[in-house]
Amino acid sequence: MKNKLLTALFLLSAFVVVGQDIPQNIAYTRIYDFIDELAGDGFIELNSAVKPYSRQFIAQKLIEAQQFDNQLSPRQRADIKFYLNEFALETDKLPDAYIHLWKNEKSKAALIQPAFHYRDSLFRARITPILGMNVTLNSNGGIIKRWVGAEFQAMIGKHLSVYGSLRDLSNDGDTLSSYKYLNTYQGYEYKEATYGGDFSDSRGGIKYSPSWGSLGLIKDNVVWGDNYHGSNILSGRAPSFPMITLNIKPVKWFELNYFHAWLVSNVLDSSYYYLENDTKIWYRPANKFMASNMFTFTPVKNLKLSIGNSIIYAEKTIQGAYLIPIAFYKSIDHSLTKGLGVENQNSQMFMNFSSRNIKHTHLYGSVFIDEFNFDRLLPDNAEANPISIKLGANITNFPIDNLSATAEFTRTNILNYKHSISVLTYASNSYNLGHYLGDNAQELYVALRYKPMRGVDLKLSYTDAKHGNEYDYVRRGTSNGLAGSVRGIISQPSLGEIIWSNKTLGFHGTYEIINNGYAVFQLEYSNIQAYEPTKTVTFGEKRMTAEQTLNYYTPSYLQGKNLTLSAGFSFGF
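Residues numbered from 1 in each chain as written. Predicted model: local features only at pLDDT ≥ 70, side-chain atom pairs only at ≥ 80, totals over all residues. Heavy atoms only, no water.

Enquirer: Just to check I follow, could you spell out the nonpolar core for this structure?
Expert: It is characteristic of soluble globular proteins that their nonpolar side chains tend to be buried jointly. Judged by nonpolar contacts, the single largest core of 33 residues is most densely connected at Trp224, Leu234, Phe241, Phe259, Met290, Tyr426 and Leu433. Those residues in contact with tryptophan 224 that lie beyond four places of it in its chain are Ala49, Val50, Lys51, Ser231, Ile233, Leu234, Asn257, Phe259, Ser292, Asn293, Met294 and Phe350. If you look at the next biggest cluster of nonpolar residues, it comprises 25 residues, including Tyr32, Phe34, Phe82 and Tyr518. (Core = buried A, V, L, I, M, F, W, Y, C linked by side-chain atoms within 4.5 Å. Buried < 20%, exposed > 50% of the residue type's maximum accessible area, 1.4 Å probe, protein only. Contact = heavy atoms within 4.5 Å.)

Enquirer: Looking at this model, I keep getting lost on the pairing of strand β13 (residues 254-262). Mind explaining?
Expert: Both faces of the sheet carry side chains from a regular strand, because those side chains alternate between them. Buried residues dominate β13, accounting for 8 of its 9 residues. Here 7 bridges tie strand β12 (residues 241-251) to β13, and the two strands are oriented antiparallel to one another. Along β13, the bridge assignment pairs leucine 246 with tyrosine 258. The hairpin turn running from β12 into β13, its antiparallel successor, is 2 residues long. Pairing between β13 and strand β16 (residues 289-297): 9 bridges, direction antiparallel. Along β16, the bridge assignment pairs glutamate 255 with threonine 296. (Helix = DSSP H or I, 4+ residues; strand = E, 2+ residues; numbered from the N terminus. Pairing = 2+ DSSP bridges.)

Enquirer: Would you mind going over a nonpolar patch on the surface with me for this structure?
Expert: A contiguous nonpolar patch, built from Val251, Trp253, Phe297, Leu305, Ile307, Met351, Phe353, Ile358, Leu363, Ile389 and Leu391 and spanning about 920 Å² of accessible area, is present on the exposed surface. Every element with two or more residues in the nonpolar patch is listed here: β17 (303-313), β18 (346-355) and β20 (387-396). On the secondary structure map, valine 251 appears in strand β12. For valine 251, a relative accessible area of 33% translates into the label partly exposed. (Patch = residues over 30% accessible without salt bridge, like charges linked within 9 Å, V, L, I, M, F, W, Y side chains within 5 Å. Areas by Shrake-Rupley, 256 points an atom, 1.4 Å probe, with all protein chains shown as cover. Salt bridge = Lys/Arg side-chain N within 4 Å of Asp/Glu carboxyl O.)

Enquirer: What is the right way to look at the side chain of histidine 419 in this model?
Expert: Checked against the element boundaries, histidine 419 lands in the loop between β21 (403-412) and β22 (427-428). Here the side chain of histidine 419 touches isoleucine 421 through a polar contact of 3.0 Å, landing on its backbone nitrogen. Not counting residues up to four positions away in its chain, the partners in contact with histidine 419 are Glu343, Asn344, Gln345, Asn346, Leu424, Thr425, Tyr473 and Arg475. (Polar contact = N/O pair within 3.5 Å; in protein donor to acceptor, adjacent residues only side chain to side chain.)

Enquirer: Sorry, what's going on with the pairing of strand β29 (residues 517-530) here?
Expert: In this structure, strand β28 (residues 498-514) lies alongside β29, joined through 14 bridges in antiparallel fashion. Paired with glycine 506 across the bridge in β29 is glutamate 524. Bridge count for β29 against strand β30 (residues 560-571) is 12 bridges, and the pairing is antiparallel. Bridge pairing links serine 526 to asparagine 562 in β30.

Enquirer: I keep staring at the pattern of salt bridges and nothing clicks. Help me out?
Expert: Where charged atoms of side chains with opposite charge meet at close range, the side chains can pair. All told, the structure shown has 28 salt bridges when counted by the stated rule. Its salt-bridge partner being aspartate 21, residue lysine 207 comes within 3.2 Å of it at the nearest N-O pair. Of this pair, lysine 207 sits in strand β9 (residues 196-208) while aspartate 21 sits in the loop between α1 (2-16) and α2 (29-40); the two residues are 186 residues apart in sequence, bridging distant segments of the chain. Each member of the pair, lysine 207 as well as aspartate 21, carries the same accessibility label: buried. The partner of lysine 61 in a salt bridge is glutamate 64, and the shortest N-O contact between them spans 3.6 Å. Of this pair, lysine 61 and glutamate 64 both sit in helix α3 (residues 55-66), 3 residues apart, which is roughly one turn of that helix. On the accessibility criterion, lysine 61 (10% relative accessible area) is buried. Overlapping salt bridges bring together Arg30, Asp33, Arg449, Asp457 and Glu512 as one network.

Laid out in structure tokens, this is it:
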């Protein structure tokens, strides 16, 4: 009888939840981890290769998992109830809250959880504050981060959604603003200052979402490629950028994701400038665009096979051919530019697989291909294809409930994310769009996560990251007094000399006390070193001393051996 009642509730909820598509901020990692856990345990099916998920999608998956009430652990049942309160508007309800400022049948404002909610037959909305502080300390000094802002989300009718957010952050202490630093911190366009650095981040958009997918104009972060410690396709680390998005899912076994984005080149265009007082010239940045698609197929339940391609281009205006969501962009690029005898644009291909066919186990992998030639696979060919490979496994709630384990390996060859023309690099705001370590690098990441009770996440992790020689993409000619070509650069041994390494053992604790209300604690022992090169400099190599390498890749407060403590709180993200 109980199972029949749950099924009836699920079917009813399927009609209640309507078709809005508000992306859930990827910084809310706890909900993403929980949805992934439910999929790994076999309660829901999930395409985890493309993020962010919509809030409506998350609500639907939580409701689906409730059907398995008798198989869920007590902690999972408590988590689902807790998260459904966060996504109450997506299920056409007002959330439970405490210490109300006011409430009636249509609206509710509360201090716990701090938010304003409104709901009627046409319009549903919420406004939430964003507030937080984090203190980081080690023997090299301290950093204090403070942030404040607000977020607005609205659903109009059955298919239209609008959302927006503004965050302003002040950073006192050693700044993390360099795009060259090899870490997983979210990238922003910092306003440099003697006391550290500030930034503001505005995200939002509008989406129309019929039953088969969604179409939107948004400014946000995207992550493509299954991962638990940095994707090698689209990591989401670059500052948010505006884009046209399209999602089509007409049948259970196929899904298309596409976007066309306006990137920030950080390259000045000498033919495009403002004139101030008829004397001062202010050059403007060159245009930079990106088109990308991902096709995901489900040949059998819980097996997702994805393939896609993208192109970075820098024309004066948008090229209409790259607005075609199902195109192979490299072929289009050749037809548009190759016959002119000029350098073509920068295209990429990628593949991803995700298997949850073994209960409690997620096996996954992805390949990012900048350029590929089968001849380079021959044993007598020293050249290596510029590609990046990631393989990993995640096990949840087996053999011990509430315990999960992750192992992930990433290897990226020389010049994989680079281009000889600076405006065409695989980057925005100079932040690499792919893996945070960049090219010619390798990482092993392992982690144990324990969730003893609702809202508490405890994670023990170890990272072993290495970076080989740094190379500039020099297509042909002379570099460092040596003649050569890009073929000579990719003939160098992958990794080669290790010029930088990071071994970090970390303990991370999070307690989500109320919806979107966090207390966080982190203790990390890190050993980040750089090494003097010993081999003869080669063509294209960016030769640096150990000190230069360390300053190039690592903020000063993390250099060497450190025990670093971080603690803080936040409402929102």
